[in-house]
Amino acid sequence: MNPFELPALVQRIFDDRDVSPDVQAILRQPDKSLGVSVPLRRDDGSLAVFPGWRVQYDKTLGPAKGGVRFHPAVDEGECTLLAFWMTVKCALHALPFGGGKGGIRVDPKKLSPLEVERLSRNYITAVADIIGPDRDIPAPDVNTDARVMGWMADEYADIRRSHQPAAVTGKPVCLGGSEGRAQATGRGALIVLDNWMKRQGRTPRQTRIAVQGFGNAGSHFACLAHEAGYRVVAVSDSQAAIHDPDGLEPRRLFDYKEREKELSGALYAGRSVKEGDGGKEIDQAALLSLDVDVLVLAAMENAITGDNAAAVRAPLLLEIANGPVSPDGDAALTGAGKTVLPDVLVNAGGVTVSYYEWIQGRTGERWSEGKVIDQLTQRMQDTAGRCFDRAEEERLQVREAAYVLAIERIAHAIRSRGDRSYFGG
Ligand SMILES: NC(=O)C1=CN([C@@H]2O[C@H](COP(=O)(O)OP(=O)(O)OC[C@H]3O[C@@H](n4cnc5c(N)ncnc54)[C@H](O)[C@@H]3O)[C@@H](O)[C@H]2O)C=CC1
Ligand SMILES: O=C(O)CCC(=O)C(=O)O
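Residues numbered from 1 in each chain as written. Chains lettered and ligands numbered in written order. Predicted model: local features only at pLDDT ≥ 70, side-chain atom pairs only at ≥ 80, totals over all residues.

Concerning the packing of helix α6 (residues 181-200) against helix α13 (residues 369-394)
Now for step 1: For the pair α6 and α13, interaxial distance at closest approach is 9 Å and the crossing angle is 45°. The angle between the axes of α6 and α13 places the two elements in the oblique class. The two elements α6 and α13 meet at a crossing, and its hand is right-handed. Across the interface between the two elements, A184, R187, G188, I191, V192, N195, W196 and R199 of α6 pack against L376, T377, M380, Q381, A384, G385 and F388 of α13. (Axes fitted to C-alpha atoms, helices over the stretch in contact; angles between N-to-C directions. Helix = DSSP H or I, 4+ residues; strand = E, 2+ residues; numbered from the N terminus. Parallel < 35°, antiparallel > 145°, perpendicular 65-115°, else oblique. Left-handed = near helix turned anticlockwise from the far one by under 90°. Contact = placed C-beta atoms within 7 Å.)

As structure tokens, this is what we get:
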């Protein structure tokens, strides 16, 4: 197992708040980290083998929960940090889960759909011994979606020779997925943003937003924010960025990207972004320093670091991605008086609706989309309220308030379990 260093913020909370040595010792490293080699028979008959991981960080509050990403930069350290963040996120939102994360170091864009299916199935075979509805429940993340979860769930059911609807979440609805899961991360983020805006006495109409990362999470956020009256003036993906100070029509971009798989060309392929079309393509890095009210980061880690933080003009940043602002970037932004609404608070809509899917899988109930949205709204509002209140009471940044609340919950559970003797989960 790679050595893992806890984020400095967590160490500071441990020190400042006299967190017990037992709790610190338990939270200092992951419970379990499994490295696997995932074989893939290519369409041309050759065999390729890709490295993969599944990390379970802490399971005090319940089975590990977290996504699986397919990306060329995945490694054990990244999965461990992502699994740690899942632990904090689930605790903060009072979900009955610990934190996990997994991935394969692969560029899925270079594989055919059948190759992606075989790889997804082989990953589940490789990690089958440590996952399951009471142990560790995978879900979508970067470059994985409902289709991939459907294959993974099917493979797991084959391995167990039984129906296993609660073993993987984020599945297609026809395979036991939950209504509302696809939009859930974006919707949850919008609920947090709305809550913050109301506290500041601001309205959506006054608010211009730029969104980095027009993928699963960011594209739904952009569409829902537009429908709620916000002015989405820029969006980007890994290939292109589009800006229109008068406001884009995210739904049209969404449809274009569904068809073409990328944003590039959305303005120039005879499919204008909006009637009258005032938009233009800009450099992706330029999106980060646009004159907007909210900069939404929904792509990858470390989009903002100490190197580019000074160029950010937006007074408010909304972290939909996991870890899009590095610690030195965070210090520079908050030092300059900007507010960062942190990932562990903002992006929990996905795992929350995964929780609802897990409940439905275990009970056989089917929830309507309305019920999912009501429950999600209530939970996100509740957590956002607790974080913002705590930040105000103790004059903390919202990120620190969120971590304090999460660590308190985990520490309380660790103490309540008594002497620790729970190997084998
Ligand atoms: N999908 C979900 O339910 C959840 C996702 N997240 C996090 O949100 C982030 C995005 O995840 P997904 O939307 O699921 O992945 P995705 O793979 O669907 O989308 C990622 C998007 O970011 C774009 N991108 C990559 N590099 C970029 C760059 N340098 N500039 C602009 N765009 C860039 C990609 O082109 C793609 O459109 C990740 O950090 C993920 O861990 C967090 C919670 C839940
Ligand atoms: O839906 C889930 O369980 C996982 C979501 C996830 O990976 C995340 O919140 O980063």
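Examining helix α3 (residues 76-92)
Now for step 1: Across its 17 residues, α3 extends 24 Å between first and last C-alpha, which sits within 8% of the 24 Å expected from 1.5 Å per residue.
Now for step 2: Among the 17 residues of α3, 16 are classified as buried, and the element is accordingly described as predominantly covered. (Expected span 1.5 Å × (residues − 1). Buried ≥ 20, exposed ≤ 12 C-beta atoms within 10 Å, placed from the backbone.)

Here we look at helix α10 (residues 327-335)
Now for step 1: Those residues of α10 that fall on the buried side of the exposure criterion are G329, D330, A332 and L333. For α10, the arc enclosing every buried residue in end-on projection is 165°, short of the 170-degree limit, so these residues lie on one face.
Now for step 2: At its buried positions, α10 is contacted by β11 (316-319), β12 (339-341) and α14 (398-416). (Arc of directions from axis to C-beta.)

Overview of the pairing of strand β6 (residues 208-212)
Now for step 1: β6 sits mainly inside the fold: four of its five residues count as buried.
Now for step 2: Inspection of the sheet shows β6 paired to strand β7 (residues 231-236) by five bridges, in the parallel sense. The residue of β7 that forms the bridge with Q212 is S236.
Now for step 3: Read from β6 through helix α7 (residues 216-227) to β7, the crossover connection turns out right-handed. (Pairing = 2+ DSSP bridges. Right-handed = clockwise from strand over helix to strand, strands pointing away.)

Here we look at the sheet that holds strand β3 (residues 64-71)
Now for step 1: Pairing is mixed across the open sheet formed by five strands, whose spatial order is β1-β2-β4-β3-β5. Strand pairing shows two members of the sheet lacking a second neighbour, β1 (32-41) and β5 (136-140), which therefore form its edges. On average, each strand axis in the sheet is inclined to that of its neighbour by 25°, with strand direction left out of account.
Now for step 2: For β3 and β5, the ladder comprises five bridges, and the chain directions are parallel.

Comments concerning the environment of L405
Now for step 1: In this structure, L405 sits in helix α14.
Now for step 2: Residue L405 is classed as buried on the basis of its C-beta count, with 22 C-beta atoms lying within 10 Å.
Now for step 3: A C-alpha to C-alpha distance of 25 Å links L405 and I359, two positions 46 residues apart in sequence.
Now for step 4: Dropping the residues within four chain positions of it, L405 is found in contact with L92, R386, C387 and R390.

Overview of the site of ligand 1
Now for step 1: Near ligand 1 there are 24 residues, and of these G215, D237, S238, A321 and G350 occur at the shortest range.
Now for step 2: A breakdown of the residues in the shell around ligand 1 according to their chemical character gives nine nonpolar, 13 polar and two charged.
Now for step 3: Two domains share the shell around ligand 1, each providing at least three of its residues, namely domain 1 (8-13 + 31-177) and domain 2 (183-346). (Near = placed C-beta within 6 Å. Nonpolar A, V, L, I, M, F, W, Y, C, P; charged D, E, K, R; others polar. Domains from an automatic or database assignment.)

Re the UniProt feature "active site" (unreviewed entry) in the protein chain
Now for step 1: Summarizing the sequence annotation, UniProt attributes the feature "active site" (unreviewed entry) to K101 in the numbering used throughout.
Now for step 2: Note that K101 resides in strand β4 (residues 98-105).
Now for step 3: Judged by the 32 C-beta atoms lying within 10 Å of it, K101 is buried.
Now for step 4: Setting aside its immediate chain neighbours within four residues, K101 contacts V55, G66, G67, C79, L82, A83 and M86. (UniProt positions renumbered as here; feature names shortened; annotations may be inferred.)

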